[in-house]
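Structural characterization, general
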2 protein chains.
Amino acid sequence: MELMIPLKPYGQKPMYEQIYQYMKEEIRTGSLGQGVRLPSTRVLAENLKVSRSTTQMAYDQLVAEGYIEAVPHRGYFVLGLEELVETETEIQGEFIQESGEDEKEVGIDFSPRGIDLTHFPYNTWRKVTRNTLVEDKKEMFLTGSPQGEPALREAIKGYLHSARGVNCQAEQIIIGAGSEYLLMLLYQILGPGQTIAMENPTYKQAYRVFESLGYQILPVEMDRYGMEVKGLEESGADVAYVMPSHQHPMGIVMPVNRRQELLQWAGQRKDRYLIEDDYDSEFRYRGKPIPALQGLDKAGKVIYMGTFSQSIAPAIRVGYMVLPQPLLSVYQQRLGFYASTVSRIDQNILYQFLTEGYYERHLNRMRAIYKGKHDTLLARLRGLEEDFQIHGEYAGLHVLLTSKKGLPERWLVEEAGKAGVRVYGLSGYYIHQHHNNRPSTVILGYAKLSEEQIEEGARRLKEAWHRTT
Amino acid sequence: MELMIPLKPYGQKPMYEQIYQYMKEEIRTGSLGQGVRLPSTRVLAENLKVSRSTTQMAYDQLVAEGYIEAVPHRGYFVLGLEELVETETEIQGEFIQESGEDEKEVGIDFSPRGIDLTHFPYNTWRKVTRNTLVEDKKEMFLTGSPQGEPALREAIKGYLHSARGVNCQAEQIIIGAGSEYLLMLLYQILGPGQTIAMENPTYKQAYRVFESLGYQILPVEMDRYGMEVKGLEESGADVAYVMPSHQHPMGIVMPVNRRQELLQWAGQRKDRYLIEDDYDSEFRYRGKPIPALQGLDKAGKVIYMGTFSQSIAPAIRVGYMVLPQPLLSVYQQRLGFYASTVSRIDQNILYQFLTEGYYERHLNRMRAIYKGKHDTLLARLRGLEEDFQIHGEYAGLHVLLTSKKGLPERWLVEEAGKAGVRVYGLSGYYIHQHHNNRPSTVILGYAKLSEEQIEEGARRLKEAWHRTT
């Protein structure tokens, strides 16, 4: 069978989404009936004159949403409509959740996004802001250094060295309005045409940025130690984006051996680099924090990225990256014309917050609060261990539950939903669904919930999932 | 002669700069002696396997700095070393000036960059900031809408409508941390592979952003009404970047007929767009302000861009763009995942500043102050009219002086420099130097100078330039 799909190559939606939307509509309206075998991704790609990864992504999305199924060695088949459940909201929900104003009442939401802001030191922040806006600091209203205020970079350097084992000079640090902006800058430093390896599953927000910038993205599998180096080598990637301190979403902490292997991989070619996203390294509840990959790097191969969105507040639009010397030269020679995206006023508020001890105090407090929530959740999930393997704990702001009995992810999410509890399927974090060979897993974030909500949520989950197990 | 130039295709400096640097060094060390004829840009491009525009840019830069000269119908020749004057600092000075902390004592600096901050309403800003950080506004610390706070967008919409004749809905506005960031976003909306037409000379900062993002840039000549539509058509560009309200640096105000022609050009193809950069439309000292090009657009062809950097302060890292409907759909479908780069707190401060009447008051005050400086400068330049044509006045924050007697730009800049006055050559604003067929012109910005400095500066200029005329 040949599918004639009208595609608009530019503007509008990405190609894979156009294919996905078209086929979904055809299935919904019955034009593609149950049991119909679809053309292979290769044949469809040839017919539509698109790349095979485009058709693969469209099919992956259709599989993920239950419109079609992949039968090994036979191909893709349309599923019956009665088997369909709307899961779209779940996927789009990721965006909705992000905007604080759109907080729908879903009962208890174990969202892996967002942080606890009930303990934000509002008074301190106000005080520090007032101090910044005193009469004799009019220079605050001028444009500052393109890389960010030197004093703030010194403070970040000091913090990164003592807390994360990062070795750098302040001149290697670039401050920007969030890590997404910094990735846009990095795109211009690395140049176009790069291929980026990403852990699979991965942090979807970074994936979307890379995709939107037109990078070719190569998903690389993980074993229990993180990104597999053999897979990375075979991928042919120039740059690998990794989260060694606490992989998102899997929660894997990469051991030193694997880190060394990654550095060796990067050292083998001049234009290979590692992007280390250390997004939530602040929160670790057990054992000694593992120093950043950057600290092991002797050859200038690691681009280290961090943010204050998680540790202070999402509204503080300040992230930073530490560039190795070769990339710093490129930045300074070619991109020094970009003004900083963070106002000097905001940078100075943050500077005071860091250097006057408020940040450390705030971190210690939040670590204790999150540890309390983490411990409560794990304690209340006791009893589920027979049916679930619980992992990703001891660090970060979420845990993962993997069904030992092979209960489908969608069932787990839906049963929870019926009990007024929202949990998140791991499948949403995969780059390509056909790489999803892990047993069915759901994610429970606890940062935004109170301990009471966590207790109640865990109770309802046990009830919902036990009902039929 | 064949030049063997070792080029590094990726990382490091852009290719044209590598060629330029190499040749400059060869000339400086005498390896390329006076009178040597260089290979044509075409031949050099073929030898080095680069595009011809790359070699052209390298030669342009060498011509601009006086290392070589272009002899019509004969080619490029190396100039004698004794004729060389270091003008590099002048070009790099553009960056240095931008950072407020690096203000070298150059006597009186008629910099076209920067604004008057001595009259910034610091007390009002502090008050508004305090109001934003009151106890009951904790939601300020959450992530807000990706496009920016709805209330702020409403306020900007209202301002744009009444002050600039812009017709839009608040949902078409995207707020971002400066116009450079917004251009990065626009790059992802328009998609790669676009060609951009720019007025020549143009706003170099926008040029650098487009270049850094990998766009092909097509310089289009201007007549006295602005960008020539015939040239635009012939360029084959998809998108034209224009400054109709007050072209930077030429100061041309585009008449309505030309605007209509541009809109017609854009209307002829589905994927054609106009970027209207309305960077300093707030400051106009004579006649009625001309409404924005966007207001004439019935077909959804204009991307309107504005900023508060000029009208409030460079430190307020807030710009905005108004997307026409087709591009808004692309943004919302593909790029809605990007969080806003401006903190909610800063957006709310700005919102209060706009809606409580402070902005209007501030603008009126600054308009009067800038008009005073403008009038003083023009009055004090009287007596130079015999030798110079003065243009670009009545709007913006700079004027242009074109030599009627053909005095070289470099001589004008140098003689001024000897008298402790810094003026800026127009040639620095050209995309390609070989397009620079205008008579020698210098730019005098007056925003940052006091009226006394302006008087003294004008006096010194007259003395310096009259000395030998």
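Refer to the structure presented above.
Residues numbered from 1 in each chain as written. Chains lettered and ligands numbered in written order. Predicted model: local features only at pLDDT ≥ 70, side-chain atom pairs only at ≥ 80, totals over all residues. Heavy atoms only, no water.

This next bit is on the packing of aromatic side chains. Residues and elements named next belong to chain A. Overall, the coordinates contain 34 aromatic pairs over all chains when judged by the stated rule. An aromatic cluster of at least three residues, connected via ring pairs, comprises Phe120, Tyr122, Trp125, Tyr159, Phe308, Tyr320, Phe353, Tyr358 and Tyr359. Against the face of tyrosine 273 rests lysine 301, its NZ or CZ located 4.9 Å from the ring centre. (Phe/Tyr/Trp six-rings, centres within 6.5 Å; stacked < 30°, edge-to-face > 60°. Lys NZ or Arg CZ within 6 Å of the ring centre and 35° of its normal.)

Our focus in this paragraph is the environment of Leu190(B). All names here are of chain B. Relative to the elements of secondary structure, leucine 190 occurs in helix H7 (residues 179-190). Put simply, leucine 190 and arginine 284 are 94 residues apart on the chain and 32 Å apart in space, counted from C-alpha to C-alpha. Setting aside chain neighbours within four positions, we find leucine 190 in contact with Tyr215, Val239, Tyr273 and Leu327. (Helix = DSSP H or I, 4+ residues; strand = E, 2+ residues; numbered from the N terminus. Contact = heavy atoms within 4.5 Å.)

This part covers the pairing of strand S9 (residues 239-242) of chain A. Side-chain positions along a regular strand alternate between the two faces of the sheet. Residue and element names in this part refer to chain A. With burial as the criterion, each face of S9 is covered, one bearing Val239 and Tyr241 and the other bearing Ala240 and Val242. Pairing of strand S5 (residues 195-199) with S9, which is carried by three bridges, proceeds in the parallel orientation. Counterpart to alanine 197 in the pairing with S9 is alanine 240. In terms of strand pairing, S9 meets strand S10 (residues 273-277) through four bridges, oriented parallel. Following the sheet pairing, tyrosine 241 is matched in S10 by isoleucine 275. Crossover connection from S9 via helix H10 (residues 256-267) to parallel S10: handedness right-handed. (Buried < 20%, exposed > 50% of the residue type's maximum accessible area, 1.4 Å probe, protein only. Pairing = 2+ DSSP bridges. Right-handed = clockwise from strand over helix to strand, strands pointing away.)

Each partner contributes to the interface: chain B provides 61 residues, whereas chain A provides 60 residues. Taken together, the two surfaces of chain B and chain A that pack against each other cover about 5700 Å², and 59% of this comes from carbon and sulfur. Summed over the shared surface of chain B and chain A, the result is zero salt bridges. The interface formed by chain B and chain A includes 11 residue pairs in polar contact (both at pLDDT 80 or more). Among the elements of the structure, helix H4 (88-98), helix H5 (122-132), H7, helix H8 (204-212), helix H11 (325-334) and helix H12 (344-355) of chain B are those that each provide at least two residues to the side of chain B that touches chain A. A class-by-class count of the residues in the side of chain B that touches chain A yields 32 nonpolar, 16 polar and 13 charged. (Buried area = accessible area lost by both parts, 1.4 Å probe. Salt bridge = Lys/Arg side-chain N within 4 Å of Asp/Glu carboxyl O. Polar contact = N/O pair within 3.5 Å; in protein donor to acceptor, adjacent residues only side chain to side chain. Nonpolar A, V, L, I, M, F, W, Y, C, P; charged D, E, K, R; others polar.)

As a further point, take the pattern of salt bridges. Residues and elements named next belong to chain A. Applying the stated criterion across every chain yields a total of 36 salt bridges over all chains. A salt bridge links glutamate 415 to lysine 418; the nearest nitrogen and oxygen atoms lie 2.8 Å apart. In this pair, glutamate 415 and lysine 418 both sit in helix H14 (residues 409-418), three residues apart, roughly one turn of the helix. For glutamate 415, a relative accessible area of 9% gives the class buried. Connected through salt bridges with shared partners, the residues Glu456, Arg459, Arg460 and Glu463 form a single ionic network.

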